[in-house]
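# Chain and residue survey
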Amino acid sequence: MEALILAGGKAERLGDAAGGLPKPLVAIAGRPLIAYQVEQLTDAGVSRVIVSCSAGREELFERALEGIGPEIVTAPEPERLGRGGGLRNAARLRNEDGPVFALNGDELLDVDLGALLDQHLERGPAATITVVRPPSPFGLVEIDEEDAVTGFSESATLPVWVSCGVYVLDEEALTRLPERGDHETTAFPELAAEGKLRAFRHEGLWLTVNTPKQLRVADEYLTRNPSAVSGSARG
């Protein structure tokens, strides 16, 4: 099986913390962020990973991912194509037809990729997207029916689901990706309206790396829990 990884982000919000590197190459607990993703994909049976990156950055990714396991192929973007355009550009380099994993290159999850693929194959949609409950940006105040405060919670999740950028895409979904732009505002809403989009619920680890604070949190977490992501893809 093959996989696509979006890795064209410039890490603008990370600023100096990125050290001039594309966001997926920023080190977390001593390893590039994208290396954790490739290792997960390897555990899920992926033998070929196509990395969508900015033109001129190909060698950086090839060096960073050398020796992890799967064949690494870079799909340079001559100009910014957006997430959907980046996936479409990378998909042109596939060797095989059939379902393909697709990941945003700036997320860390312990999602069970094997279970994600199994659900996709069982239900047969054009695409399956992994969804998570986002963390609340505020601490919660717990109150009873008489408005008495009964406690506080510093961490909680919101009662909604959001896409976390981990998908399985079939041929129909790939053909409907935009040449430029974001698939989550074009192709995915169209597929949903046609009943061809399914969700895979993930309630485990989800670390985003968009800001210096999030980078610090991810680094500290994986330093304390080095196997939290690695190997979690075995289904």
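Above this note sits the structure.
None of these values were measured; they are calculated from a predicted model.

Right, let's talk about a nonpolar patch on the surface for a bit. A contiguous nonpolar patch, built from Val 141, Ile 143, Val 149 and Phe 152 and spanning about 430 Å² of accessible area, is present on the exposed surface. Those elements giving two or more residues to the nonpolar patch turn out to be strand S9 (140-143) and strand S10 (149-153). Tracing the backbone shows Val 141 in strand S9.

Attention now goes to the pattern of salt bridges. In this structure the tally under the stated criterion is 16 salt bridges. Residues Arg 48 and Glu 2 are paired through a salt bridge, measuring 2.7 Å at the closest nitrogen-oxygen approach. Here the residue Arg 48 occupies a position in strand S4 (residues 48-54), and Glu 2 occupies one in strand S1 (residues 2-6), the gap between them amounting to 46 residues. For Arg 48, a relative accessible area of 10% gives the class buried.

Let us now look at helix H7 (residues 212-224). The α-helix advances 3.6 residues per turn, and as a result positions three or four apart in sequence lie on the same side. Its 13 residues give H7 an end-to-end C-alpha distance of 18 Å, which sits within 8% of 18 Å, the value for a rise of 1.5 Å per residue. Restricting attention to buried positions, one finds in H7 the residues Leu 215, Ala 218 and Leu 222. Buried residues of H7 fall within an arc of 65° about the axis and therefore sit on the same side. Summarising the geometry of H7, the exposed residues directed more than 90 degrees from the buried face are Lys 213, Thr 223 and Arg 224. Buried residues belonging to H7 abut strand S2 (27-28), helix H1 (33-43), strand S7 (107-109) and strand S13 (206-208).

This part covers the packing of aromatic side chains. Overall, the coordinates contain 1 aromatic pair when judged by the stated rule. Look at Tyr 167 and Phe 188: their rings are 5.2 Å apart centre to centre, the planes differ by 85°, and that puts the pair in the edge-to-face class. Taken together, the residues Tyr 167 in strand S11 (residues 162-169) and Phe 188 in helix H6 (residues 187-193) connect sequence positions 21 residues apart. The exposure class assigned to Tyr 167 is buried, which follows from its relative accessible area of 1%. Here the basic side chain of Arg 31 rests over the ring of Tyr 36, its NZ or CZ set 4.9 Å away from the ring centre.

Read across the open sheet, the 7 strands follow the order S5-S4-S1-S6-S11-S8-S12; overall the sheet is mixed. Two strands lie at the open edges of the sheet, namely strand S5 (71-77) and strand S12 (197-201), each paired on one side alone. For this sheet, the mean angle separating the axes of adjacent strands, direction not counted, is 25°. Across 7 bridges, S4 lies against S5 in parallel orientation. Bridge pairing in S5 places Val 49 opposite Ile 72. Seen against the sheet, H1 touches S1, S4, S5 and strand S6 (100-104) and runs at an angle of roughly 165° to S1. Along the sheet, helix H3 (residues 82-91) contacts S1, S4, S5, S6 and S11; its crossing angle with S1, the most-contacted strand, is approximately 145°.

Basis of the calculations
- Residues numbered from 1 in each chain as written.
- Predicted model: local features only at pLDDT ≥ 70, side-chain atom pairs only at ≥ 80, totals over all residues.
- Heavy atoms only, no water.
- Patch = residues over 30% accessible without salt bridge, like charges linked within 9 Å, V, L, I, M, F, W, Y side chains within 5 Å.
- Areas by Shrake-Rupley, 256 points an atom, 1.4 Å probe, with all protein chains shown as cover.
- Salt bridge = Lys/Arg side-chain N within 4 Å of Asp/Glu carboxyl O.
- Helix = DSSP H or I, 4+ residues; strand = E, 2+ residues; numbered from the N terminus.
- Buried < 20%, exposed > 50% of the residue type's maximum accessible area, 1.4 Å probe, protein only.
- Expected span 1.5 Å × (residues − 1).
- Arc of directions from axis to C-beta.
- Contact = heavy atoms within 4.5 Å.
- Phe/Tyr/Trp six-rings, centres within 6.5 Å; stacked < 30°, edge-to-face > 60°.
- Lys NZ or Arg CZ within 6 Å of the ring centre and 35° of its normal.
- Pairing = 2+ DSSP bridges.
- Axes fitted to C-alpha atoms, helices over the stretch in contact; angles between N-to-C directions.

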